[in-house]
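Examining the three-dimensional arrangement
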Amino acid sequence: MTADTASPADPTFPVPARLLAGKPTPHVTSFDQYKAMWEQSVKDPQTFFGNLARETLTWAKPFETVLNGSFTEGDIGWFLEGELNACYNCVDRHAFTQPDKVAIIHEGDELNNVRKITYRELLQEVSRLANVLTSLDVRKGDNIAIYMPMVPEAIFAMLACARVGAVHSVVFAGFSSDSLRDRIQDCGARVVLTADEGRRGGKNIATKRIVDEALKQAPSVEHVLVLRRTGSEIPWKAGRDLWWHEEIDKARPYSPPTNVNAEDPLFLLYTSGSTGTPKGVMHTTGGYLLGAAATLKYIFDYHPDDVHACMADIGWITGHTYLLYGPLLNGATTVVFESTPTYPNPSRFWELIQTHKVTQFYTAPTAIRALRRLGDQWLDGYDFSSLRVIGSVGEPINPEAWHWYNDKVGRNQCAVIDTYWQTETGSIVVSPLPGAVATKPGSATFPFFGIKPEILDPQTGQVLEGNDVTGVLAISQPWPSMARTVYNNHNRYLDTYLNPYKGFYFTGDGATRDKDGYIWIRGRVDDVINVSGHRLSTAEIESALILHPAVAEAAVVGGQDDLTGQCIHAYCTLKPNAEEDAGLEKELSLQVRKVIGPFATPKRVYVVGDLPKTRSGKIMRRILRKIVNNEQDQLGDTSTLAEPGVVPMLIEKVHGK
Ligand code: 6R9
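Residues numbered from 1 in each chain as written. Predicted model: local features only at pLDDT ≥ 70, side-chain atom pairs only at ≥ 80, totals over all residues. Heavy atoms only, no water.

As annotated in an unreviewed UniProt entry, the protein carries the name Acetyl-coenzyme A synthetase and is attributed to Absidia glauca. One UniProt comment on the protein, placed under Catalytic activity (unreviewed entry), says "acetate + ATP + CoA = acetyl-CoA + AMP + diphosphate". (UniProt positions renumbered as here; feature names shortened; annotations may be inferred.)

Our next topic: the overall build of the protein. Secondary structure assignment for the protein yields 19 helices and 30 strands. Referenced to the eigenvectors of the C-alpha coordinate spread, the extents of the protein come out at roughly 75 × 65 × 55 Å. In the protein, buried positions account for 60% of the 657 residues. Contacts spanning at least 24 positions in sequence make up 71% of the contacts within the protein whose residues lie at least 6 apart. (Helix = DSSP H or I, 4+ residues; strand = E, 2+ residues; numbered from the N terminus. Buried < 20%, exposed > 50% of the residue type's maximum accessible area, 1.4 Å probe, protein only. Contact = heavy atoms within 4.5 Å.)

So, on to the site of the ligand. Around the ligand, the surrounding shell holds 17 residues, and the nearest of these are D418, T423, D509, R524 and R535. Within the complex, 96% of the 530 Å² of free accessible area of the ligand lies under protein. When contributions to the shell around the ligand are tallied by element, the ones reaching two or more residues are α11 (317–329), β20 (415–419) and β25 (519–524). Residue composition of the shell around the ligand, grouped by class: six nonpolar, six polar and five charged. (Near = heavy atom within 4 Å. Areas by Shrake-Rupley, 256 points an atom, 1.4 Å probe, with all protein chains shown as cover. Nonpolar A, V, L, I, M, F, W, Y, C, P; charged D, E, K, R; others polar.)

With that settled, consider the nonpolar core. Core analysis: the biggest nonpolar cluster contains 130 residues, and Y34, F79, L122, L129, L159, L193 and Y325 have the highest contact counts within it. Not counting the four nearest positions on each side in its chain, L122 is found in contact with V91, A103, I104, I117, F156, L159 and L328. A145, I184, V192 and V556 belong to the second largest nonpolar core, which has 46 residues in total. (Core = buried A, V, L, I, M, F, W, Y, C linked by side-chain atoms within 4.5 Å.)

Taken together, eight strands build an open sheet; the order of strands is β12-β11-β8-β6-β7-β14-β15-β23 and the sheet is mixed. Looking at which strands have only one partner, the edges of the open sheet turn out to be β12 (241–243) and β23 (485–486). Strand direction decides the pairing type here: strand β6 (residues 143–147) and strand β8 (residues 191–195), joined by four bridges, are parallel. Directly across from I144, in β8, lies its bridge partner V191. (Pairing = 2+ DSSP bridges.)

Next up on the list: the environment of M158. Relative to the helices and strands, M158 resides in helix α6 (residues 152–163). The contact partners of M158, leaving out residues within four places of it in the chain, are I146, H168, V170, I314, H320, L324 and Y325.

Before going further, it helps to examine the UniProt feature "domain: Acetyl-coenzyme A synthetase N-terminal" (unreviewed entry) in the protein. Under the feature "domain: Acetyl-coenzyme A synthetase N-terminal" (unreviewed entry), the UniProt entry names residues 34–90. Secondary structure over residues 34–90 splits into 47% helix and 18% strand, and the C-alpha atoms at its two ends are 27 Å apart.

Taken as a whole and judged by the stated rule, the model has zero disulfides. The cysteine C310 is free of any disulfide, with C90 supplying the nearest cysteine sulfur at 14 Å. (Disulfide = S-S within 2.5 Å.)

Okay, the domain arrangement of the protein next. With domains assigned, the protein is organised as domain 1 (17–512) and domain 2 (532–655). The centre of domain 1, based on its C-alpha atoms, is set 33 Å off from the matching centre of domain 2. Taken residue by residue, the interface counts 24 residues in domain 1 and 19 residues in domain 2. The junction of domain 1 with domain 2 conceals about 1600 Å² of combined surface from both sides, 46% of it contributed by carbon and sulfur atoms. Inspection of the region where domain 1 meets domain 2 yields one salt bridge. A salt bridge links R535 to E424; the shortest N-O distance between them is 3.0 Å. (Domains from an automatic or database assignment. Buried area = accessible area lost by both parts, 1.4 Å probe. Salt bridge = Lys/Arg side-chain N within 4 Å of Asp/Glu carboxyl O.)

So this is what it looks like as structure tokens:
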């Protein structure tokens, strides 16, 4: 590993002098210091993480064993025998030492609609809600579904579950009723926490109606606790539905936390894989919390007076780890943003940074690209002097977007951190440390403590040693915040992550380690499409299309898109008696929107006569992918096609004559 040899092809950006000179001093101030810590963390994880876990978290009962299990067995556990409560660690201990510090700044959908919640208030709010959950007979180990807009109560909901030892399963409020239903059915939730409506970009979203629709086929649910957000008329089912405020008013503002074992589940989060239905990725308490707390401290270089602004929704892992758990575990002030980057105009993020004197700002490349495209005038005159670290997550950041972010938002004086991780990794696994690592635009750079990345030959699974190698990215030893299982389907966990390359955790991403040892993530090597940082499975979109009565077969591929990174292109063939009218392609697109959610809307749907198949009937998606990406001159070997004549027909359909 070396970081000091720049090549002219990939210019290297040193750590900004302002960070090293300024106050506070970064936690890690040189590459050598980072390297020494990293080496110790992977050589002796027991000592490194044992110490870190004792320093970082408050344990009700200390652990004795730091790590047990292996990738070969798939039985990993950290901090065994230890007991703790996640909510106590996020709230109580800070409420006792710094009660008046602001824990949450809520920036509502409308400008100047700000609500601040101190740690003292947070403890009261979360306690009340925990008592309400207990009154609904929610117990340790129960699964609770949360389908809520970006309001402080969504944070209270997650923390209240943790307080009583229940397992939250947050479903992104942009998912359709069908997707919500599937997730509730899979985890068997008895209680759903939701709101009457959401508010985003000046529009109301019919949250409760979507829940009602989902619950028609989710008999496990006994109670729905409904937050009044907009006050609009909503349907109501007496007995099942309860008003949040009415229940809260009755509840005592303190509730004792329920301690759980370090390996008891903290939450489920459903994510798309390369096949079939979404899987409920399970994170446990001790290891996940340590990963969240430690990465927030070191990768965002958190210091006590910082205001941390993560723009992700709580429905995604980024919202879990860097909006809620990481910041609150560190006793930070965290921003909950309800609106969109362009409402009421494209200065919204910049206004937010200036108003709240944000020190760490975290968003996705797709938002950076969209704002860059709208023009620099939207940043004019804003004061960004509070910022020290600006981060990006969710997809590869292209160098143009990186430079714009660095120049216009970071003013070349901030650390730009391209953070690579996944729902399954729980916390960031590859990223620069602000005070220690020189960056290269487009590279996530070096592994975090405890992460031993390897580049494998995809065919043989052999470790590609040394630098200047490309293959698939794997991790060769367990780290505290890795997912432990897929809910109710441990075999799927093994088959997806641990069996493809024995002895390794397989990420599903391709990667290069360049000649200087920097890691460059190349994107998914499986059938997962990344649209604006949202993970979508081609199989899931195909299933949604096939539900339409006219569709016989569907094949979905990812196209390249300047704004969203990738976009969805769907090819469909029709059943023999189906009629192809002018509106059908639009209708099929709406079908996907309805079954999965608006963010999964295909960019194009092509109704075609036939699909390119091998003689054994396998659809050759590679050809479909090349055609949408305008690479029809590089189709490669098409000799195995059963019907070569379909290719010109497809090209004509996609590109015209
Ligand atoms: C945190 C999150 C995970 C997938 C991952 C990869 C892509 C995330 C990235 C990145 C390149 C980065 N990804 N961060 N690719 N550079 N900095 O996004 O989790 O929704 O589970 O997605 O996103 O392909 O495998 P998740």
